[in-house]
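# Architecture at a glance
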Amino acid sequence: MADKKAILTIDGNQVELPIYSGTLGQDVIDIRTLGQHGHFTFDPGFLATGSCESEITFIDGGKGVLLHRGYPIDQLATQADYLETCYLLFNGEAPSEEEYKEFVSIIKNHTMVHEGIHQFFNGFDRDAHPMAMLNSVVGALSSFYHNDLDITDPEQRHRCANRLVAKLPTIAAMCYKYSIGQPFVCPKNSLNYSENFLNMMFSVPAEDYEINPAVAKAMDRIFTLHADHEQNASTSTVRLAGSSGANPYACIAAGIASLWGPAHGGANEACLNMLEEIGTVDRIDEYVAKAKDKNDPFRLMGFGHRVYKNFDPRATVMRETCHEVLESLGIKDPLLDVAMRLEQIALEDPYFVEKKLYPNVDFYSGIILKAIGIPTNMFTVIFALSRTIGWISHWNEMLSQPGAKIGRPRQLYTGQDKREFQPIKK
Ligand code: SDX
């Protein structure tokens, strides 16, 4: 219940609005009754608007804190694996050893996809962007799986979540294989989650694929670091789509579409393309000047964040992983030199310091993925694979909350006043 109130004076009348406090973070002002006083709030881009109550993830942008169900991201990324994090995000508590083993076997039993899905790919050109394929195929899953579409049934919501966590790697790898004209590789349940993904991505019938444990560990850590991030654009898209009662596969496809944008999940692909365009350290100043130029739309991809006005804690772990992977693979990547110099500039240059633009999660992930041999156009597909558990956990939380309402924002109308229409013959 509200123990504090905000007083708003509108046209001389005082309006009392309850203030709620959460476990952590900012208090919120409940403005739901404002409509009764003839006003709406106005907050394009939702800079200061809370859309829901959630227990899943907490971010303190000023302190660079990211907690999943209370656990700091660096502890999960280094002491748990991605499936443990999936279990935690969806269920609210970390699994016991028994619960973990059971969850892993459930996921393994859902890794294959219906044979009909293979046919979907035949309609795509080979040069279709993998995100276009992922978006289409995930959205079509509801045409195959009908026994988990009753969104009012917690059991069916859980089964659907397990199916999505299990099948996204298979479908993601299919997008890659199709784009390079190689045969799809069936999931192998003898492998763990990240090993299985790497095998489906890189093994070919002509020879066995030897999994590098360091690469598999880095892949798993990348999955964990991207698993959830509170009410970001794509998660809010999934919640809004889900609020209408749309089926979960359609909602996740909507999340994939939103994530694709270069300002959001597409930034890792855009960041690597930017590093490759810069090419060498001596050309960095030219690009930094472009990024600072108000008249130039160019931005340094991989920098800045709506919430983090400090280091993105995921970028910190990603940076360490980046060095580990390059070292274990014996790769000297000149793009890493460019990245390190850019990071140094971002931490020293007044423009970046004043605007609190730090490297974000997308800054280092691209370099690691490139080192693993994953093509740039697959980066956001991997982000979507990782984030599916976050999306479906928020979707499930919203539908578990009593009184869930359809999301329907209002607006400030600045169009034409009422006028009489003149039929064309007049
Ligand atoms: C993700 O929300 C999430 O949690 C997202 C995410 C997740 O896990 O879900 O964390 C994943 O999307 C990370 C962000 C990846 N995007 C990029 O790296 C793209 C580059 N970054 C920017 O486009 C931007 O920083 C955003 C979109 C991330 C944030 O934009 P905001 O919060 O709307 O901030 P803004 O655009 O108003 O910028 C504030 C100022 C502006 O200058 P002024 O108009 O105030 O003078 O900072 C400048 C911007 O011009 N600025 C940049 C910049 N980012 C912001 N200038 C140069 N380079 C940049 N990257």
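The rules we used
- Position numbers for residues count from 1 along each chain, tracking the sequence in the order it is written.
- Per-residue local features are limited, in this predicted model, to residues with pLDDT of at least 70; the limit for side-chain atom pairs, both in listing and counting, is 80 or more; totals at the level of whole chains, interfaces and linings are taken over all residues.
- Excluding hydrogens and water, the side-chain figures rest on all heavy atoms present in the structure.
- By convention, a stacked pair of Phe, Tyr or Trp rings (six-membered ring in the case of Trp) has centres within 6.5 Å and planes under 30 degrees apart, an edge-to-face pair has planes over 60 apart, and any other such pair is tilted.
- Categorising residues by exposure relies on relative accessible area from a 1.4 Å probe, with only protein chains included: less than 20% of the type maximum marks a residue as buried, more than 50% marks it as exposed, and the intermediate range marks it as partly exposed.
- In this scheme, Lys NZ or Arg CZ marks a charge over a ring once it lies within 6 Å of the ring centre and within 35 degrees of the ring normal.
- In this analysis, the protein atoms alone were mapped onto a 1 Å grid. Cavities are point sets where a 1.4 Å probe fits without being able to get out; pockets are open sets with protein on both sides within 12 Å along at least five of seven lines; lining residues have an atom within 4 Å of a point.
- Grid points are joined across faces, edges and corners, and a volume is the space filled by probe spheres set on the points.
- What counts as a helix is a DSSP run of H or I of at least four residues, what counts as a strand is a run of E of at least two, and both are numbered from the N terminus.
- Two strands pair if DSSP finds at least two bridges between them.
- Any carboxyl oxygen of Asp or Glu that lies within 4 Å of a side-chain nitrogen of Lys or Arg is treated as forming a salt bridge with it.
- The arc refers to the directions leading from the helix axis to the C-beta atoms.
- All amino acids are sorted into three groups, where Ala, Val, Leu, Ile, Met, Phe, Trp, Tyr, Cys and Pro are nonpolar, Asp, Glu, Lys and Arg are charged, and the leftover types, Gly among them, are polar.

### Brief notes about the packing of aromatic side chains
- In total, this model carries 18 aromatic pairs according to the counting rule given.
- Centroid distance Phe363 to Tyr364: 4.8 Å. Interplanar angle 80°. Geometry classified as edge-to-face. Pair check on accessibility: Phe363 and Tyr364 agree, each one buried.
- Each member of the aromatic cluster is reached from another via a ring pair, and the members are Phe303, Tyr351, Phe352, Phe363 and Tyr364.
- Stacked on the ring of Tyr178, the Lys or Arg Arg126 has its end atom at 4.0 Å from the ring centre.

### Re empty space enclosed by the protein
- Counted under the stated rule, the structure contains 1 cavity of 30 Å³ or more.
- The calculated volume of the largest cavity comes to roughly 40 Å³.
- As for the largest cavity, its lining consists of Cys86, Tyr87, Phe90, Asn91, Phe103, His158, Ala161, Asn162, Val165 and Ile389.
- Going through the elements one at a time, α2 (82-91) and α6 (154-179) are the ones with two or more residues in the lining of the largest cavity.

### Brief notes about the sheet that holds strand β5 (residues 65-68)
- If you walk across this open sheet you meet the 3 strands as β4-β5-β6, and the pairing is antiparallel. Each having just a single partner strand, β4 (57-60) and β6 (71-72) make up the two edges of the open sheet.
- Of the strand pairs in this sheet, β5 and β6 are connected by 2 bridges, and their pairing is antiparallel. Its bridge partner lying in β6, His68 is registered against Tyr71.

### Points about the pattern of salt bridges
- Taken as a whole, this structure holds 13 salt bridges when the rule is applied.
- Connected through shared salt-bridge partners, Lys217, Arg221 and Glu324 make up one network.

### What to know about helix α12 (residues 284-292)
- Buried within α12 are the following residues: Ile284, Tyr287, Val288 and Ala291. The buried residues of α12 occupy an angular sector of 100° when the element is viewed end-on, so they sit on one face.

### Regarding the layout of surface pockets
- In this model, the second largest pocket occupies a volume close to 350 Å³.
- Lining the second largest pocket are 26 residues, with Asp81, Asn192, Tyr193, Ser194 and Asp220 sitting closest to its centre.
- Per-element tally for the lining of the second largest pocket: the top contributor is helix α8 (residues 213-225), with 5 residues.
- Across the lining of the second largest pocket, the residue classes break down as 12 nonpolar, 7 polar and 7 charged.

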